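A look at the structure
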Amino acid sequence: MADVSDDAEAFHIVLFYRYVRLAEVDAVAQQLQDAMDSAEGLSGRILLAEEGVNGNLAAPEAPMQHFLAQLLDIKALGLAESDIKSSRTTSDTNPFPDLRLRRVKHLIAGGDVLDSIPIEETAQGYLSPADWLEAARMDDAVLIDVRNVRETAIGHFEGALDPKTKHFSEFARWLDSGETQSKLRDKRVLMYCTGGVRCEKASALLRRRGVAKSVEHLHGGIHRFQEDLGDAGGFWKGKMFVFDRRGSMRTADFTGAGEAADAGNGQAIQEGSDAPATDRGSVVGKCLYCAKAHDIFHPDAVCVVCREPCLACDDCRTTLDGEYHCETHTYLRTMYFGSLEKFSDDSLRRQKEQLETELDKIRKGKEFRNRRRTLSRQIDRVRDVLRGRFGDAAAPLDGGALQSGECDGSNSESQSSERQKSKRQRSGSESSGRRKCRSCGEVACRGDCWGFWGTKRAVKRIEVPKA
């Protein structure tokens, strides 16, 4: 376990997991809850299942040391000091909004295929950071990044295959594709992820397929690699995505960080910082809109279609009015929006026509079921707004019989005036730049009320496990 006792003012963040068969989950849950309650200032989350434990926590130095001593003393978990990965930040912002202990079915939700792999097939093919690096430089090695696309977008090992998944449950489908298997056939496959937990079942699945010559993964993940070796002379590029308020970690932020890493202060360097290039590190992320180097995820910059975090630079953010589209949904940029009241009647009709055209392309095929549902719901939203403006469920939606500003000769001037007044009232907050948060609905929210930012969650909440 890396030392976490150097700076009493720092928040120390620890990461740990272990696949182990737990016969008495309720008893272990109580032990964990007691340990969490006794550590003042502890925040983060622990996931507990019959197949093991997975945790990510933060606290000042003394409470963290107190908690870790109790954690390692829970014999049923069998955790060792080497299973604990740690880092620290001197920021005065707590990395987590609350403290949670959750009972779950699986440590990582991987879908039917990955979830069905028993823990007896895990804990195989471990390579230390030094051995993994040596193997990665061999001619027959193929590297696989098991993380999701939001993570690989801002940092990765050189030459690694990127499955472009949004969720771990999509990994099995990518692995079983003919294109992927042709790249792995008779190769020495080396997997990696943040801390190692996703690689456990991902590597087990590939061993089952019998395609690769051998399957191994980085023990301790990127985190342990950078603790020991830094960026290994540039073999690691960019930053490591983390699931807390820090957002990411540079090589210099890791405790130890290897001989190659520069000493850092543990605080994220924001875009536009005056810090020298050597301290900022390489930026591999790019803005989805202008392709400028950018690797900071802002909490409000999420796709309006699927809520996937989007990389958008500050210049582009000022022009997008809160409407972001991830790489998968780029094709919907002209027709799918979260806020509809700001658009004219004609614009809404055009959006509806474009959405219907996209829907017609995927009328058949089970693989398009979710996409059809998404498009159909948006079409209904547009239709509802148009009908609400005209106050008549039978109002024309295709623009053929009645256009905005036109009338049917019946009290036309009054109807047109009321309709325009209603439109101004509904869109007033948006046209003045006062957009509502898509999560909590409040105008003043910056989008950080949800996810691991969670500014509107309780300061401390422990979910009592159910038997």
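Residue positions are counted from 1 within each chain, in the order its sequence is given. Two thresholds apply to this predicted model, a pLDDT of at least 70 for residue-level local features and 80 or more for giving and counting side-chain atom pairs, whereas whole-chain, interface and lining totals are computed over all residues. Calculated side-chain values reflect all of the structure's heavy atoms, with hydrogen atoms and water omitted.

Observations regarding the overall build of the chain
Selection criterion: Under the DSSP-based scheme used, a helix requires at least four consecutive residues in state H or I and a strand at least two consecutive residues in state E, with every element numbered from the N terminus. Each residue gets one of three labels from its accessible area relative to the maximum for its type: buried under 20%, exposed over 50%, partly exposed in between, using a 1.4 Å probe on protein chains only. In what follows, a contact means two residues having at least one pair of non-hydrogen atoms within 4.5 Å. Values of accessible area rely on a 1.4 Å probe in the Shrake-Rupley scheme; residue burial ignores everything except the protein chains shown.
Each helix and strand in the chain was counted, giving 14 helices and 13 strands. Counting the 467 residues in the chain, one finds 49% classified as buried. For the chain, contacts bridging at least 24 residues in sequence account for 68% of all contacts bridging at least 6. As displayed, the chain offers around 22000 Å² of accessible surface, 46% of which is attributable to carbon and sulfur atoms.

Regarding the packing of helix α12 (residues 345–361) against helix α13 (residues 369–390)
Going by this rule: Axis definition: a line fitted to C-alpha atoms, over the contacting stretch in the case of helices. Angles run 0 to 180 degrees between N-to-C directions. If an angle is under 35 degrees, it is roughly parallel; if it is over 145, roughly antiparallel; if it lies from 65 to 115, roughly perpendicular; otherwise it is oblique. Working rule for handedness: look at the near helix, and if it is turned counterclockwise from the far one by less than a right angle, call the crossing left-handed; if clockwise, right-handed.
Between α12 and α13, the shortest axis-to-axis distance is 10 Å and the interhelical angle comes to 155°. In terms of their interaxial angle, α12 and α13 are classed as roughly antiparallel. The crossing of α12 and α13 is left-handed. Here D345, L348, R349, Q351, K352, L355, E356, E358 and L359 of α12 come into contact with α13, specifically with R372, L375, S376, Q378, I379, V382, R383, V385, L386, R389 and F390.

Section: a positive patch on the surface
Quick note on the threshold: Nonpolar side chains (Val, Leu, Ile, Met, Phe, Trp, Tyr) within 5 Å and like charges within 9 Å form the patches, drawn only from residues with over 30% relative accessible area and no salt bridge. Whenever Lys or Arg places a side-chain nitrogen within 4 Å of a carboxyl oxygen from Asp or Glu, that contact is recorded as a salt bridge. Charged-residue counts in this description rest on Lys and Arg as positive and Asp and Glu as negative, His and the chain ends being excluded. Lys charges are placed at NZ, Arg charges at CZ, Asp charges at CG and Glu charges at CD.
Among the surface-exposed residues, K366, R369, R373 and R377 lie close enough to one another that they form a single positively charged patch. By relative accessible area, which is 56% here, R377 ends up exposed.

Looking at the pattern of salt bridges
Opposite charge on two side chains lets them pair, provided their charged atoms get close. Here the structure, examined in full by the defined rule, presents 30 salt bridges. In this structure, E216 and R188 form a salt bridge, with 2.7 Å as the shortest nitrogen-oxygen distance. Within this pair, whereas E216 is found in strand β10 (residues 214–218), its partner R188 is found in strand β9 (residues 188–192), the two being separated by 28 residues in sequence. On the basis of relative accessibility, which here comes to 15%, the residue E216 falls in the buried class. As a salt-bridge pair, D253 and R250 come within 2.8 Å of each other at their nearest N and O atoms.

Considerations on the packing of helix α1 (residues 25–38) against helix α2 (residues 61–72)
Geometrically, a packed helix pair is captured by the angle between its two axes and the distance between the axes. Note the following rule: Any residue that is not Ala, Val, Leu, Ile, Met, Phe, Trp, Tyr, Cys, Pro, Asp, Glu, Lys or Arg is counted as polar, Gly included; the first ten are nonpolar and the last four charged.
One can describe the packing of α1 onto α2 by two numbers: an axis separation of 9 Å at closest approach and a directional angle of 165°. When the axes of α1 and α2 are compared, the pair comes out roughly antiparallel. Read as a crossing pair, α1 and α2 show a hand that is right-handed. On α2, the residues that touch L32, A35, M36 and S38 of α1 are H66, F67, Q70 and L71. Looking at the contact of α1 with α2 residue by residue, the classes come out as 5 nonpolar, 3 polar and no charged.

Examining unusual backbone geometry
A positive phi angle is found at R307, which is not glycine, with a value near 70°. Relative to the assigned elements, R307 resides in the loop between α10 (277–280) and α11 (314–320). Looking at R307, the relative accessible area reads 28%, which means it is partly exposed. Despite not being glycine, D321 has its phi angle at roughly 55°, a positive value. Within the secondary structure, D321 is located in the loop between α11 and α12.

Notes on the nonpolar core
Formally: What makes a nonpolar core is a set of buried Ala, Val, Leu, Ile, Met, Phe, Trp, Tyr and Cys residues whose side-chain atoms join them at distances within 4.5 Å.
I144, V146, F171, L184, M191 and L206 are the most contacted members of the largest nonpolar core, which totals 32 residues. Residue assignment for this core shows that the elements contributing at least two residues are β1 (11–19), β2 (43–49), β7 (141–145), α6 (171–175), β9 and α8 (197–209). In terms of residue count, α8 provides more of this core than any other element does, 6 residues in total. The contact partners of I144, leaving out residues within four places of it in the chain, are L161, P163, F171, W174, L184, V189, L190, M191 and Y192.

Quick look at the environment of K286
Position of K286 among the secondary structure elements: in the loop between α10 and α11. In the structure, K286 is positioned 26 residues away from A312 in sequence and 7.9 Å away in space, judged by C-alpha atoms. Contact partners of K286, with chain neighbours within four places excluded, come to A291, K292, H294 and L311.

Notes on α8
In terms of burial, α8 is a largely internal element, 10 of the 13 residues being buried. Taken as a whole, α8 has its buried residues at V197, R198, C199, E200, K201, A202, S203, A204, L205 and L206. G210 sits one or two residues past α8 and shows a positive phi near 70°.

Remarks on the packing of aromatic side chains
This is how it is decided: Centre distance within 6.5 Å is the pairing criterion for rings of Phe, Tyr and Trp, where only the six-membered ring of Trp is used; planes under 30 degrees apart are then read as stacked, over 60 as edge-to-face, and the remainder as tilted.
Scanning the model with the defined rule gives 13 aromatic pairs in all. Judged by centre distance (5.6 Å) and plane angle (40°), the ring pair of F171 and W174 falls under tilted. Taken as a pair, F171 and W174 lie in helix α6 at a separation of 3 residues, close to a single helical turn. We note that F171, like W174, is buried. Arranged with centres 5.0 Å apart and planes meeting at 70°, the rings of F241 and F243 form a pair that is edge-to-face.

Some words on the sheet that holds β10
Paired through their backbone hydrogen bonds, the strands of a sheet run either parallel or antiparallel. Where we set the bar: By the convention used here, strands pair only if DSSP detects at least 2 bridges between them.
Spatially, 4 strands are ordered β6-β10-β9-β7 in an open sheet, and the strand pairing comes out parallel. With partners counted over all chains shown, the strands left at the sheet margins are β6 (126–127) and β7, one partner each. Examined bridge by bridge, β9 and β10 share 4 bridges and lie parallel to one another. In the strand pairing of β10, M191 is matched with H217.

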